[in-house]
Amino acid sequence: MTDINANLLESKFNHILKKDEITSMYQHFNELDEESNGYISYEQVQNVLQKFGENIDTDYIQKAFEDLNIRTEGEARFEEVLALAKSLREGKMETKKTVFQGSGTGITHVINNDEKEQFVEHINMQLKNDPHIGNRFPIDEKTNDVFEQCKDGLILSKLINDSVADTIDDRVLNYPKDGKPLSQFHITENNNVVINSCKAIGCNVVNIGSVDLAEGRPHLILGLLWQIIKIGLSAKIDISIHPELFRLLKDGETLDDLLKLPTEQILIRWMNYHLKESAYGKTVNNLSNDLKDGQAYTYLLNQLDPAQCSLAALNETDPHKRAEIILDNAEKLGCRKYLTPNALINGNSKLNFAFVANLFNTHPCLAPLSDEERAQLDEWLFSSSGDRESRSFALWMNSLGCDPFVNNLFDDLQDGLVLLQTLDKVHPGLVDWKKVNRQTPITSKFKKVENTNYVLALAKSLNFSLVGIQGSDITDGIKNLTLGLVWQMMRDHIIQTLKSLKNNDKDITDADIINWANETVKRGNRNSTMSNFKDQSLKTGVFLIDLLNGIRPKTVNYDIVTPGNTGKKRFIHNINIKYLTK
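A short tour of the structure in this document, coming up. It should be emphasised that the depicted structure is a prediction, and the values quoted were computed from it without experimental measurement.

A closer look at the packing of helix H11 (residues 218-235) against helix H17 (residues 349-362)
Viewed as axis vectors pointing N to C, H11 and H17 meet at an angle of 25°, and their least axial separation amounts to 10 Å. Between H11 and H17, the crossing angle belongs to the class labelled roughly parallel. You can see that H11 and H17 cross each other, and the crossing is left-handed. From H11, Trp226, Lys230, Leu233 and Ser234 reach across to H17, where they touch Lys350, Phe353, Ala354, Ala357 and Asn361.

This is the structure in structure tokens:
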């Protein structure tokens, strides 16, 4: 165990943590750091803090690190744990919070009231005219009624469709009839639709089940609401909707480079694009600490509309009054949404993201493209039209709970860590993590290639076809080779799931799956068949619908299924596929 200077650390943390406490905490930290990597997981951080009398869950730990502007990626170093302990001791975390008792003894869940209130306002605004549940609104944002209202899955389903249109077919949802509440069975069906649809649009729903939603667990529902709202806001920050994003390109940068950036980074670049023309004199690097003093917002709003948004906030010394002036300016633009004075002052990254995203979507204020620039953009859009497959693979990995979240398949797999996590989730215990370079970010290409070579070694042990693929190809983001590897991993996951349903360990072949599918359809008294996975009749959706009917009789309402062999084929097929996927 490496020695620490407890006296120096006591002074660094303003004597709020005492030398003996720091020494004791360090000893416990090292006991948990079995591999001596210098960091421990959030669950282990929770264990350390419990020794200090702080009973908080991992969700709160993540939120606390975000508020302290500490990027931990699911693990924390000793001084980061000390910073969190100091902040808890001081009581400097956001004061507008509600504490709920967790399912375990001594475990509590903390939710941020600013976030809850702003999310509820968003729901009220977006769903108030819904023909099925519009009568439920407005929900009182000052109470916790939203968690009760979300129990039956209907509000969450409608919010998903608001964020990503047509994700859920209304016909598959159960609605109360004749004034009678839904049965528990129908509530579970609705919430299963919610969970599956959240996965489909890119939410991380690991450890969230339909029972959690039906029980109205506040911290899980609030987290899901945020993911859905964020996806909806992010979806509009798209080059096809806002071609003027082209203006944010830096010298020597391609559109691919720009659009690989996370949405937060694109918004930050947009802010800095406008701030460069102001007297701000600095750049914004994050959507939390850098915005707390309100100066960046003051200059940004003034750049977007100098006539309506003055710089008067710069002369106000009181933080709350300054924040109010800033939000009054936003209101003049019709953009006083998501952010509160308290959230601004505390640097709430979620509400700042939502505020800036809404500001961009309504007032981008970027010059239109020239004919030449438009031609470049059209060429890029045409060449990028094949990205649907890579997005499907990314969504699959995210549904397994891989960390970090996969945004760009070809960039985010280059260090091998997500690929190794995926293999370990499909084949628990397969990965020997002592052989893995885990210290992130991995800046050395050599270490990245070590990881990706290990990925390929494990894949070969699973009999993957890897002719011509080397670890360096994955690290270099070679698209066709990366897609080939990930496709085999996804197929292997499906095969392992099917094998788990059998009573023997015999390998499952394509022929086995096709025979099972045809027999299952036949048991459901339907006549459709498939010959192979390239069978053109599959595009009508009829066989797959018949397969669901065979698996679970009475699931399918055949009154709304089209035969698939009539005129306007593509439109008819789309109706069936839409119904099938819901």
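From this point, the discussion proceeds with the structure in view.
Some thoughts on helix H2 (residues 19-32)
An ideal rise of 1.5 Å per residue puts 20 Å on 14 residues; H2 measures up with 20 Å between its terminal C-alpha atoms. Buried within H2 are the following residues: Ile22, Met25, Tyr26, His28, Phe29 and Leu32. All buried residues of H2 project into a common sector of 165° when viewed along the axis, lining one side. Away from its buried face by more than 90 degrees, H2 exposes Asp20 and Glu31.

Quick look at the nonpolar core
By size, the foremost hydrophobic cluster in this structure holds 84 residues, and its most contacted members are Trp270, Met271, Tyr297 and Leu359. Per element, the largest residue contribution to this core is ten residues, and it comes from H11. Those residues in contact with Trp270 that sit more than four places away from it in its chain are Leu248, Leu300, Leu304, Val356, Leu359, Phe360, His363, Pro364 and Leu366. Trp396, Leu419, Leu481 and Leu485 belong to the second-largest nonpolar core, a separate cluster that totals 32 residues.

A look at the pattern of salt bridges
Applying the stated criterion across every chain, the model contains 20 salt bridges. With a shortest N-O distance of 2.5 Å, Glu253 and Arg269 are connected by a salt bridge. With Glu253 in the loop between H11 and helix H12 (255-259) and Arg269 in helix H13 (residues 263-275), this residue pair connects regions lying 16 residues apart in the sequence. One salt-bridge network, in which partners are shared between bridges, spans Glu324, Asp328, Glu331 and Arg336.

With respect to the packing of aromatic side chains
This model, assessed by the stated rule, comprises seven aromatic pairs. The interplanar angle of 70° and the centroid separation of 5.5 Å between the aromatic rings of Phe29 and Phe78 together place this pair among those described as edge-to-face. Of this pair, Phe29 sits in helix H2 while Phe78 is found in helix H5 (residues 78-90), placing the two residues 49 residues apart along the sequence. Among the residues examined, Phe29 registers a relative accessible area of 3% and is labelled buried. Here the aromatic rings of Phe119 and Trp226 are separated by 5.6 Å at their centres, their planes lie at 10°, and the arrangement is stacked. With a gap of 107 residues between them, Phe119 in helix H6 (residues 113-127) and Trp226 in helix H11 connect regions that are remote in the sequence. Since its relative accessible area comes to 1%, Phe119 is described here as buried. Following the ring pairs from residue to residue traces out a cluster consisting of Tyr26, Phe29 and Phe78. One residue, Arg526, lies across the ring of Tyr558, its end atom 3.8 Å from the ring centre.

Some points on a nonpolar patch on the surface
Among the surface-exposed residues, Trp516, Leu548 and Ile551 lie close enough to one another that they form a single nonpolar patch of about 290 Å² accessible area. Tracing the sequence through the fold places Ile551 in helix H26 (residues 542-551).

What to know about the state of the cysteines
Counting across every chain of the model gives zero disulfides. Between Cys335, a cysteine without a disulfide, and Cys309, which holds the nearest cysteine sulfur, the sulfur-to-sulfur distance is 9.0 Å. Overall, Cys335 belongs to the buried group, its relative accessible area being 0%. The cysteine Cys365 is free of any disulfide, with Cys335 supplying the nearest cysteine sulfur at 9.6 Å. Here Cys365 falls in the partly exposed class, since its relative accessible area comes to 39%.

Focus on the environment of Thr452
With respect to the helices and strands, the residue Thr452 is situated in helix H22 (residues 445-461). The class of Thr452 is buried, set by a relative accessible area of 1%. With 32 residues separating them along the chain, Thr452 and Leu420 place their C-alpha atoms 8.4 Å apart. Excluding its chain neighbours within four sequence positions, the residues that come into contact with Thr452 are Leu413, Gln414, Asp415, Gly416, Gly471, Ser472, Ile474 and Thr475.

As for the environment of Lys447
Its place among the elements puts Lys447 in helix H22. According to the relative accessible area criterion, Lys447 is partly exposed, its value standing at 43%. Linking Lys447 and Asn437, residues ten residues apart in sequence, is a C-alpha distance of 6.4 Å. Discounting residues that sit within four places of it in the chain, Lys447 has contacts with Asn437 and Ile442.

Observations regarding the environment of His186
On the secondary structure map, His186 appears in helix H9 (residues 184-201). Judged by relative accessible area, His186 falls into the partly exposed class, the value being 31%. When the C-alpha positions of His186 and Pro176 are compared, they lie 9.4 Å apart, and in sequence the two are ten residues distant.

Considering helix H8 (residues 154-163)
Within H8, nine of the ten residues are buried, leaving the element largely enclosed by the surrounding structure. Of all the positions in H8, only Leu154, Ile155, Leu156, Ser157, Lys158, Leu159, Ile160, Asn161 and Ser163 are classed as buried. The inward-facing, buried residues of H8 abut H6, helix H7 (145-149), H9, helix H10 (210-214) and H11.

Description of unusual backbone geometry
Of the consecutive residues Phe137 and Pro138, the connecting peptide bond is found in the cis state with omega at 5°. Positionally, Pro138 belongs in the loop between H6 and H7. In the Ramachandran plot, Tyr338 falls in the positive-phi region, its phi being about 75° despite a non-glycine side chain. Secondary-structure assignment places Tyr338 in the loop between helix H15 (319-332) and helix H16 (341-346). A positive phi angle, near 50°, is found at Cys365, a position not held by glycine. Along the chain, the position of Cys365 falls in the loop between H17 and helix H18 (371-383).

Looking at the packing of H8 against H9
Across the interface, H8 lies against H9 with an axial gap of 9 Å and an inter-helix angle of 25°. By the angle between their directions, the pair H8 and H9 is classed as roughly parallel. In the packing of H8 onto H9, the handedness of the crossing is left-handed. Listed contacts from H9 to Leu154, Leu156, Ser157 and Ile160 of H8 are Asn190, Val194, Ser197, Cys198 and Ile201.

About the thresholds
- Residues numbered from 1 in each chain as written.
- Predicted model: local features only at pLDDT ≥ 70, side-chain atom pairs only at ≥ 80, totals over all residues.
- Heavy atoms only, no water.
- Axes fitted to C-alpha atoms, helices over the stretch in contact; angles between N-to-C directions.
- Helix = DSSP H or I, 4+ residues; strand = E, 2+ residues; numbered from the N terminus.
- Parallel < 35°, antiparallel > 145°, perpendicular 65-115°, else oblique.
- Left-handed = near helix turned anticlockwise from the far one by under 90°.
- Contact = heavy atoms within 4.5 Å.
- Expected span 1.5 Å × (residues − 1).
- Buried < 20%, exposed > 50% of the residue type's maximum accessible area, 1.4 Å probe, protein only.
- Arc of directions from axis to C-beta.
- Core = buried A, V, L, I, M, F, W, Y, C linked by side-chain atoms within 4.5 Å.
- Salt bridge = Lys/Arg side-chain N within 4 Å of Asp/Glu carboxyl O.
- Phe/Tyr/Trp six-rings, centres within 6.5 Å; stacked < 30°, edge-to-face > 60°.
- Lys NZ or Arg CZ within 6 Å of the ring centre and 35° of its normal.
- Patch = residues over 30% accessible without salt bridge, like charges linked within 9 Å, V, L, I, M, F, W, Y side chains within 5 Å.
- Areas by Shrake-Rupley, 256 points an atom, 1.4 Å probe, with all protein chains shown as cover.
- Disulfide = S-S within 2.5 Å.

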